[in-house]
Amino acid sequence: MTYTPAATERRWQDAWERARVFAAVRDDRPKYYVLEMFPYPSGRIHMGHVRNYTMGDVIARYKSACGFSVLHPMGWDAFGMPAENAAMERGGHPKDWTYGNIADMRAQMKPLGLSIDWSREFATCDPEYYGQQQAMFLDMLAAGLVYRKAAVVNWDPVDMTVLANEQVIDGRGWRSGAVVERRELTQWFFRISDYSAELLAALDGLRHWPEKVRIMQANWIGKSRGLQFAFETVGAPGGFDRLEVYTTRPDTLLGASFAAISPDHPLAKALEAQDPAVAAFVAECRRGGTSAEAIETAEKKGYDTGISVRHPFDAAWQLPVYIANFILMDYGTGAIFGCPAHDQRDFDFAIKYGLPIPPVFVPEGADEAPLSEAYVPMKSERVRYLRGFAGETVQTGDAAVTAAIAFCEDKGVGRGVTNYRLRDWGLSRQRYWGCPIPVVHCADCGVVPERKENLPVRLPDDVTFDKPGNPLDRHPTWRDVACPACGRPARRETDTMDTFVDSSWYYARFTAPHAATPTNADDAAYWMNVDQYIGGIEHAILHLLYSRFFARAMHKTGHLPAKAIEPFNALFTQGMVTHEIYMTRDGAGRAVYHLPEEIEAGRVKATGEAAEIIPSAKMSKSKKNVVDPVNIIQSFGADTARWFILSDSPPERDVEWTASGAEAAFRFLSRVWRLADEIAASTAPATDEDAVLDRATAKAIAEVTAGIEGFAFNKAIAKLYEFANMLGRSGAGAVARRRSMAIMAQLLSPMVPHLAEDIWAMLGGAGIVAQAAWPKADPALLVEDTVTLPIQINGKRRAEITVPKDLAVSEVEMRVLADDAVAKALGGAAPKKLVVVPGRIVNVVI
RNA sequence: GCCCGCGUGGUGGAACGGUAGACACAGGGGACUUAAAAUCCCCAGGCCGAAGGGCCGUGACGGUUCGAAUCCGUCCGCGGGCACCA
């Protein structure tokens, strides 16, 4: 008999399904909700999915064994651009492409043996789902959580269409190659910025989130304390006699050398209208993409408007006003004053335009000297003020800012304000394959919400993608409707929602996936919150922040209980799956990539050519360093794929897929299978090794449990290797070995559930492992009575002693000093110091 | 450009501030076999030494500590995010 997963895995999957083991039911057990970030239906599962869902499955199966009623659902983040791109490139309809991909991916996922309640599956492009999303949108609109305003988009002037940031490459449209412009459109926004303070403060309560994610979110929200004040202008057009600016460094006011406004500032627009030179400069600024990266890495440019402003402390002191391409209209007031001595960007600007650079402060103990770069110490650092006006001469930047705000408020120059970098969430997308925004534009009534009884507002099927732009815009029968308020001819909103909206509440919908309302109060009360959420670090900011906002908005509109405003109790961010890249070059020297299965011993199988091996990188189709999970499952079984992906790296780090590692995983699982087969048949009588084995088994239970609880699956697996090695060599009797092997099956079951069932069945275990209770270690068997203490001499390990576990420190000291190596090192002298850390280590300082 | 991580043998990694390298991969040696595969056993950070043992060693350089892979600072390299990729 041999281990043949291909034959047995399917059988166990059927057995689980027959027993409805994974159906989530509300009952009197405590509940546990495990959720992995749902996939985009690209059509193929990849190893990243296998890793993500296997981790969730380990937790789900473990918690189930621990007596929890587990909810572990799966769905599809099914709206988005790739479906439209496919329709443009290959013809067909985004809907057919998407649902076809979902069917394919589901078929690829099921053989993994995940403990998913498939009865709750949905796709965000199901009208049943997005109709409920539209209902919530209307509730949020009524609650004042949604509004319209102008915002900039990437505009492709050749294709006459809006581009996503990823479609803008080096400032040009990806298809047309035209230089992209920033253009304003009226768009819908969620008022997430109203929640800035709360979303920031509540981060402290997310104790089971990675620290780095909380830091990233806190920085993204970007709370700052500063001074907002108005300059009096000289020579500005009518209506612009004051210029409001915001600064986080009011202590540097006497180092100001210019003022700058955003190209989108109202003053810039006013100047643009009357001065062709300004218009040309502003148009220049609007070239290129809208992304912060594009704006911040672009060359810093300014245009001297000829206008000036009076310094608030000295009306005779005038500063020039520039329009500058790096000032963002969205942050603060869209206008700043520049202090080149203490801001590198302002410094570079001042050098470029020949502006003065007066230092405001110098390092404590230093004298004033010309600067070759901006001096930007931490605000917590003490510095000496040369041009201070509030507070001490020597003080920290923080103290100076506080003093400066107080001074200015007292003088009537502005007021201290708390600002946030977080902007409102623009949800309008000028695209077809998304959730339609359920409003109608009426010439008489304005923006009119669709009636709830008319939801869902369904996407029309009869659309084509032969032209750029949104087909909804050119679909007269869908677009032209009667106004829900007055009945006169009106136009449906043709923008659809950002796909982040879809993924901001799917976790709540899983608690009642087919309810006639967005959520069901009883189900949400029972299943919320997600106890463990698992996904990629790339979602650390946007998806998670939007979800946190959306849960609050859903609570405000009555769709979630108050306890669910932070929907994810614990978050785990997993690393990527990587693989080596194999490359050769063609006659023209261009890189040619090869799939791993085309390579043998570093050479291309077909040609025998030596391949250059590039170190591991994220699996990507373009580099062909991909391994198809379907092939791995066919060759080795799902358990091997699951085992290897968990075993080789800590879950939060990248894991490198290697063929030899996968083969080794298969060999190990085969070995365990054979061991179980041998033990099942054994009749060996009891021996005095039985007790040793029982102790090792108890230790394995404790260590594997700790590994799973601590999200250290690689360590849990290392302990299982040790346990299997130990059990394989043990001379214990058949009864003791069967006892240990049964526990092995249970400890293996979260990771390799099919093999665990095989073993359980071989040993004649009752029922199936998937329904067995998690084993508990007998505490008495875990206690060690002696401990080996390493002895360091001056911090280097030189000897060790074995002592009773609870030996008094004074007694340990005596035994240490009596040790040969220690006595020799001391040469009769007394040690300078003797450090005894009970149970751990001894350090003798000489 | 800005924010956040990460960096340990040939490789993936382990190590409450306390014996650096558990466990595994690749490799080497051996057993079994007519042979190979499979399986089993042993070795293995680097340098020196016959050995006992010694010295060096966690990206680099400093610092704190009886003791640093771990804490702090500076630098280098790699990765993630930057609001219309999902």
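Residues numbered from 1 in each chain as written. Chains lettered and ligands numbered in written order. Predicted model: local features only at pLDDT ≥ 70, side-chain atom pairs only at ≥ 80, totals over all residues. Heavy atoms only, no water.

Draft legend 1. Representation of the overall build of chain A. Check the secondary structure of chain A and you find 27 helices and 36 strands. For chain A, the spread of C-alpha atoms along the three principal axes comes to 105 × 85 × 65 Å. When each of the 846 residues of chain A is scored for burial, the buried share is 52%. Intrachain contacts of chain A at a sequence separation of at least 6 include 71% that bridge at least 24 residues. As displayed, chain A has an accessible area near 37,200 Å², and 51% of this comes from carbon and sulfur atoms. (Helix = DSSP H or I, 4+ residues; strand = E, 2+ residues; numbered from the N terminus. Buried < 20%, exposed > 50% of the residue type's maximum accessible area, 1.4 Å probe, protein only. Contact = heavy atoms within 4.5 Å. Areas by Shrake-Rupley, 256 points an atom, 1.4 Å probe, with all protein chains shown as cover.)

Draft legend 2. Highlighting the pairing of strand 36 (residues 841–845). Relative to strand 36, strand 33 (residues 786–793) runs parallel, the two being bridged by 3 bridges. Bridge pairing links Gln-792 to Asn-843 in strand 36. Strand direction decides the pairing type here: strand 35 (residues 833–837) and strand 36, joined by 5 bridges, are antiparallel. Within the sheet, the bridge partner assigned to Val-836 lies in strand 36 and is Val-842. Connecting strand 35 to the next strand, strand 36, in antiparallel fashion are 3 residues, including Gly-839 with a positive phi near 80°. (Pairing = 2+ DSSP bridges.)

Draft legend 3. The arrangement of helix 24 (residues 753–762) in detail. Within helix 24, 8 of the 10 residues are buried, leaving the element largely enclosed by the surrounding structure. Buried within helix 24 we find Pro-753, His-754, Leu-755, Ala-756, Glu-757, Asp-758, Ile-759 and Trp-760. Buried residues in helix 24 make contact with helix 1 (5–18), helix 2 (47–65), helix 19 (638–647), helix 20 (659–681) and helix 23 (734–748). A positive phi of about 75° marks Gly-764, the residue just after helix 24.

Draft legend 4. Examining the sheet that holds strand 3 (residues 146–156) more closely. With antiparallel pairing, the 4 strands of this open sheet are ordered in space as 4-3-7-18. Each of the sheet's edge strands pairs with one partner strand only, and the pair in question is strand 4 (161–163) and strand 18 (425–426). As paired elements, strand 3 and strand 4 share 3 bridges and run antiparallel to each other. Each residue of the ladder has a partner; that of Trp-155, found in strand 4, is Val-162.

Draft legend 5. Region of the structure containing the layout of surface pockets. Approximately 430 Å³ is the volume attributed to the second largest pocket. Forming the walls of the second largest pocket are 16 residues, and the residues nearest its centre are Gln-13, Glu-17, Lys-110, Ile-116 and Trp-118. Of the residues contributing to the lining of the second largest pocket, the split by class is 7 nonpolar, 3 polar and 6 charged. (1 Å grid on protein atoms, 1.4 Å probe; cavity = no way out; pocket = protein on both sides within 12 Å on 5 of 7 lines; lining within 4 Å. Points joined across faces, edges and corners; volume = space filled by probe spheres on them. Nonpolar A, V, L, I, M, F, W, Y, C, P; charged D, E, K, R; others polar.)

Draft legend 6. Here's a closer look at the sheet that holds strand 23 (residues 489–492). If you walk across this open sheet you meet the 4 strands as 21-20-23-22, and the pairing is antiparallel. Strands at the two margins of the open sheet, each flanked by one partner only, are strand 21 (446–449) and strand 22 (480–482). For this sheet, the mean inter-axis angle between neighbouring strands, taken without regard to orientation, is 45°. Bridge count for strand 20 (residues 439–442) against strand 23 is 2 bridges, and the pairing is antiparallel. Bridging from a neighbouring strand, Val-440 pairs with Arg-492 of strand 23. (Axes fitted to C-alpha atoms, helices over the stretch in contact; angles between N-to-C directions.)

Draft legend 7. Structural detail: the pattern of salt bridges. Applying the stated criterion across every chain yields a total of 39 salt bridges. Notably, a salt bridge pairs Glu-364 with Arg-382, separated by 3.9 Å at the nearest N-O pair. Pair noted here: Glu-364 is in the loop between strand 14 (361–363) and strand 15 (382–385) and Arg-382 is in strand 15, with a separation of 18 residues, a long-range link. For Arg-382, a relative accessible area of 45% corresponds to the partly exposed category. (Salt bridge = Lys/Arg side-chain N within 4 Å of Asp/Glu carboxyl O.)

Draft legend 8. Region of the structure containing the environment of Leu-720. Within the fold, Leu-720 resides in helix 22 (residues 713–729). Spatially, the C-alpha atom of Leu-720 lies 9.3 Å from that of Ile-701, the residues being 19 residues apart in sequence. Those residues in contact with Leu-720, other than ones at most four positions away along the chain, are Trp-643, Phe-668, Val-704, Met-744, Leu-747, Leu-748 and Met-751.

Draft legend 9. Expanded view of the protein's contact with RNA strand B. Taken together, 67 residues are adjacent to RNA strand B, and Asn-165, Arg-431, Asp-648, Lys-715 and Arg-840 come closest. Sugar plus phosphate, as a fraction of atoms of RNA strand B within 4 Å of the protein: 66%. Contact between RNA strand B and Glu-166: a phosphate oxygen at 2.9 Å from a main-chain N or O atom of the residue. Taking Thr-499, its side chain carries an N or O atom lying 3.4 Å from a phosphate oxygen of RNA strand B. Per-class residue counts for the surface near RNA strand B are 24 nonpolar, 18 polar and 25 charged. (Near = heavy atom within 4 Å. Polar contact = N/O pair within 3.5 Å; in protein donor to acceptor, adjacent residues only side chain to side chain.)

Draft legend 10. A look at the nonpolar core. Ranked by size, the top nonpolar core spans 152 residues in total, and within it Tyr-506, Tyr-507, Phe-550, Trp-643, Trp-657, Ile-708 and Met-741 carry the most contacts. Ignoring sequence-local partners within four residues, the contact set of Tyr-506 consists of Leu-35, Glu-36, Met-37, Phe-38, Phe-122, Tyr-129, Tyr-533 and His-543. Counting 40 residues, the second largest nonpolar core, distinct from the first, contains Ala-270, Ile-307, Ala-403 and Cys-408. (Core = buried A, V, L, I, M, F, W, Y, C linked by side-chain atoms within 4.5 Å.)

Draft legend 11. Quick peek at the packing of aromatic side chains. Summed over all chains, the structure comprises 49 aromatic pairs. Seen from their ring centres, Phe-361 and Tyr-375 are 5.8 Å apart, and the 65° between their planes marks the pair as edge-to-face. Residue Phe-361 is found in strand 14, and its partner Tyr-375 is found in the loop between strand 14 and strand 15; the two are separated by 14 residues along the sequence. Judged on exposure class, the residue Phe-361 and its partner Tyr-375 are both buried. Measuring from ring centre to ring centre gives 4.1 Å for Tyr-533 and Phe-568, while their planes differ by 15°; the resulting arrangement is stacked. Of the two residues, Tyr-533 sits in strand 25 (residues 532–536) while Phe-568 sits in the loop between helix 17 (542–556) and strand 26 (571–574), which places them 35 residues apart along the sequence. Here the two residues Tyr-533 and Phe-568 agree in accessibility, since each one is buried. Across the ring face of Trp-188, the terminal group of Arg-148 is positioned such that the distance to the ring centre comes to 5.7 Å. We note Lys-149 situated over the ring of Phe-189; from NZ or CZ to the ring centre the distance is 4.7 Å. (Phe/Tyr/Trp six-rings, centres within 6.5 Å; stacked < 30°, edge-to-face > 60°. Lys NZ or Arg CZ within 6 Å of the ring centre and 35° of its normal.)

Draft legend 12. Expanded view of the environment of Val-627. Within the secondary structure, Val-627 is located in the loop between strand 31 (612–618) and helix 18 (629–636). Residue classification places Val-627 among the buried residues on the basis of a relative accessible area of 11%. Note: C-alpha distance between Val-627 and Ile-215 (412 residues apart in sequence) is 34 Å. Those residues in contact with Val-627, other than ones at most four positions away along the chain, are Met-47, His-579, Pro-596, Met-619, Ile-632 and Trp-657.

Draft legend 13. Summary view of the confidence of the model for chain A. Chain-level statistics for chain A give a pLDDT mean of 92 and a share of 100% at 70 or above. Predicted as a complex, the structure gets a pTM of 0.93 and an ipTM equal to 0.94. (pLDDT = per-residue confidence, 0-100.)

Draft legend 14. Structural detail: the pairing of strand 28 (residues 591–594). With 4 bridges joining them, strand 27 (residues 577–585) and strand 28 adopt antiparallel strand pairing. Residue pairing across strands places Met-583 opposite Tyr-593, the latter belonging to strand 28. Hairpin connection from strand 27 to strand 28: 5 residues lie between these consecutive antiparallel strands, with Gly-589 at a positive phi of about 85°.

Draft legend 15. Layout of the side chain of Thr-161. Mapping Thr-161 onto the fold places it in strand 4. Looking at Thr-161, the relative accessible area reads 11%, which means it is buried. When neighbours within four sequence positions are excluded, Thr-161 is seen to be in contact with Asn-154, Trp-155, Asp-156, Pro-468 and Gly-469.

Draft legend 16. Spatial organisation of the packing of helix 3 (residues 81–90) against helix 4 (residues 94–109). In contact at an axis separation of 8 Å, helix 3 and helix 4 are set at 115° when each is read in the N-to-C sense. For the pair helix 3 and helix 4, the sense of crossing is right-handed. Of helix 4, the residues touching helix 3 (which contributes Pro-82, Ala-83, Glu-84, Ala-86, Ala-87 and Arg-90) are Pro-94, Trp-97 and Thr-98. When the residues that make up the contact of helix 3 with helix 4 are grouped by side-chain class, the tally is 6 nonpolar, 1 polar and 2 charged. (Left-handed = near helix turned anticlockwise from the far one by under 90°.)

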